[in-house]
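Notes for the structure review
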Amino acid sequence: MPTAIIADDERLMRDQLRSRLEQVWPELEILGEAKNGEEAIQMVELHKPDLAFLDIRMPAKTGLEAAKEIGTKAHIVFITAYDQYAVEAFDQGAVDYVLKPADTERLSKTVERLKARLTTATEPNDMSNMLAQLAKQLGIAPKANYLQWIQASIGQELRLIPVEDILFFQSDEKYTRVQTASYEALIRKPVRDLAEELDPQLFWQIHRSTLVNSKAISGVVRDMRGRHLVQIKGLTEKLEVSRSFVHLFKQM
């Protein structure tokens, strides 16, 4: 019995693909579902499926990055919402793919190719060069090695904090405050250094002493003095935006 995992950051898309696969390939066993590339890699290691259905764009790691790490451990099938121009790149590279939203008729053709591949291939092909070419054709640049964890002090305790859990960083003369939704910690690294090591798409510098997680911003208000203040989800505290960084919020 063939086996597979599904990786997509959208729950509805995972549910839809699972449902469509049950219709056109009832003997395929889905061993698990992942919501990002990192989880997909772990599931392949754990379950050792024949196939890995990977969404192209996912958090933590993209589908292309996950496929590179999975290597020859599973046959890769990309889930994509790209237009026909991009799909041609997949066809030329002999990579299997599923278009979003999963159409039963189109998926049936993909399944026939996959069945043939599982029958004739002793092991998955090494796709390293093909993945690099696809990334270039589809305009997906490799991610920089940004910080993923912060080691911070809470009293006498040292704790590793995932950067996505951090709402903001704020420095004074000696320490930098690390604020999460449930606790506050301290580090000695100043904001100017953190700004160079964190993903600028995730952490916005709004003041020379403040970096804020863009996903934690609930709004921006102006006070009686005309200052712009950032509101943080779940907190009553507001963070001042200096004039140099007001342009970040002009569309809000």
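Anything mentioned here points back to the structure above.
To start, this report covers the structure provided alongside it. Because the structure is predicted, anything quoted here is derived from the model rather than measured.

Criteria and cut-off values
- Residues numbered from 1 in each chain as written.
- Predicted model: local features only at pLDDT ≥ 70, side-chain atom pairs only at ≥ 80, totals over all residues.
- Heavy atoms only, no water.
- Buried < 20%, exposed > 50% of the residue type's maximum accessible area, 1.4 Å probe, protein only.
- Helix = DSSP H or I, 4+ residues; strand = E, 2+ residues; numbered from the N terminus.
- Pairing = 2+ DSSP bridges.
- Right-handed = clockwise from strand over helix to strand, strands pointing away.
- Expected span 1.5 Å × (residues − 1).
- Arc of directions from axis to C-beta.
- Contact = heavy atoms within 4.5 Å.
- Polar contact = N/O pair within 3.5 Å; in protein donor to acceptor, adjacent residues only side chain to side chain.
- Salt bridge = Lys/Arg side-chain N within 4 Å of Asp/Glu carboxyl O.
- Axes fitted to C-alpha atoms, helices over the stretch in contact; angles between N-to-C directions.
- Phe/Tyr/Trp six-rings, centres within 6.5 Å; stacked < 30°, edge-to-face > 60°.
- Parallel < 35°, antiparallel > 145°, perpendicular 65-115°, else oblique.
- Left-handed = near helix turned anticlockwise from the far one by under 90°.
- Nonpolar A, V, L, I, M, F, W, Y, C, P; charged D, E, K, R; others polar.

This part covers the pairing of strand β1 (residues 3-7). Where burial is concerned, most of β1 is hidden: five out of the five residues are buried. The side-chain alternation of β1 yields two buried faces, one formed by Thr3, Ile5 and Ala7 and the other by Ala4 and Ile6. Summarising the sheet, β1 and strand β2 (residues 29-34) pair through five bridges and their orientation is parallel. Within the sheet, the bridge partner assigned to Ile6 lies in β2 and is Glu33. Handedness of the crossover is the feature at issue here: the chain leaves β1, passes through helix α1 (residues 11-24), returns alongside β2, and the resulting connection is right-handed.

Here the focus is the environment of Ser108. Tracing the chain through its elements places Ser108 in helix α5 (residues 104-120). Taking the relative accessible area as the measure of exposure, Ser108 reaches 26% and is therefore partly exposed. Spatially, the C-alpha atoms of Ser108 and Val24 are 6.0 Å apart, while their sequence positions differ by 84 residues.

With 17 residues, α5 ought to run about 24 Å at 1.5 Å a step, and its terminal C-alpha atoms sit 24 Å apart, in line with that. Three or more residues of α5 are buried, namely Leu107, Thr110, Val111 and Leu114. For α5, the angular spread of buried residues about the axis comes to 105 degrees, placing them on one side. Pointing more than 90 degrees away from the buried face of α5 are the exposed residues Glu105, Lys109, Thr119 and Thr120. Against the buried residues of α5 lie α1, β3 (51-55), β4 (75-80) and β5 (96-99). If you check the start of α5, you find a side-chain oxygen 3.1 Å away from the backbone N of Glu105, and it comes from Asp103.

The full count for this structure, using the stated rule, is 19 salt bridges. With its nearest N and O atoms 3.4 Å apart, the salt bridge here joins Glu157 to Arg159. Accessibility expressed as a relative area gives 38% for Glu157, which makes it partly exposed. Several salt bridges converge on common partners, so that one network encompasses Asp8, Glu10, Asp55 and Lys100.

Relative to the 20 Å expected for 14 residues at 1.5 Å per residue, α1 spans 20 Å between its end C-alpha atoms, a close match to the ideal helical length. Within the span of α1, buried status applies to Arg14, Leu17, Leu21 and Val24. Each buried residue of α1 sits inside an arc of 105 degrees when the element is viewed along its axis, so together they form one side. Away from the buried face of α1 by more than 90 degrees, exposed residues Arg11, Leu12 and Glu22 are located. Buried residues belonging to α1 abut β1, β2, β3, β4, β5 and α5.

Sheet architecture is open: three strands sit in the order β13-β14-β15, paired in antiparallel fashion. In the strand order of this sheet, the two ends are held by β13 (217-222) and β15 (238-241), each with one partner. Looking at each pair of strands side by side, their axes are set apart by 30 degrees on average, direction ignored. Strand direction decides the pairing type here: strand β14 (residues 228-232) and β15, joined by four bridges, are antiparallel. Among the inter-strand pairings, His228 is bridged to a residue of β15, identified as Val241.

Another point: the packing of aromatic side chains. Following the criterion strictly, the structure yields one aromatic pair and no others. Taking the centre distance of 5.4 Å and the plane angle of 55 degrees together, the rings of Phe169 and Phe203 count as tilted. Here Phe203 lies in strand β11 (residues 203-207) and Phe169 lies in strand β8 (residues 166-171), a separation of 34 residues in the sequence. Assigned by exposure class, Phe169 and Phe203 land together as buried.

This part is about the packing of helix α2 (residues 37-47) against helix α3 (residues 63-70). α3 packs onto α2 with a crossing angle of 25 degrees between their chain directions and a minimal axis gap of 9 Å. It follows from the interaxial angle that α2 and α3 lie roughly parallel. Considering only the axes of α2 and α3, their crossing is right-handed. Along its contact with α2, which presents Gly37, Ile41 and Val44, the element α3 presents Ala66, Glu69 and Ile70. Tallied by class, the residues present in the contact of α2 with α3 amount to four nonpolar, one polar and one charged.

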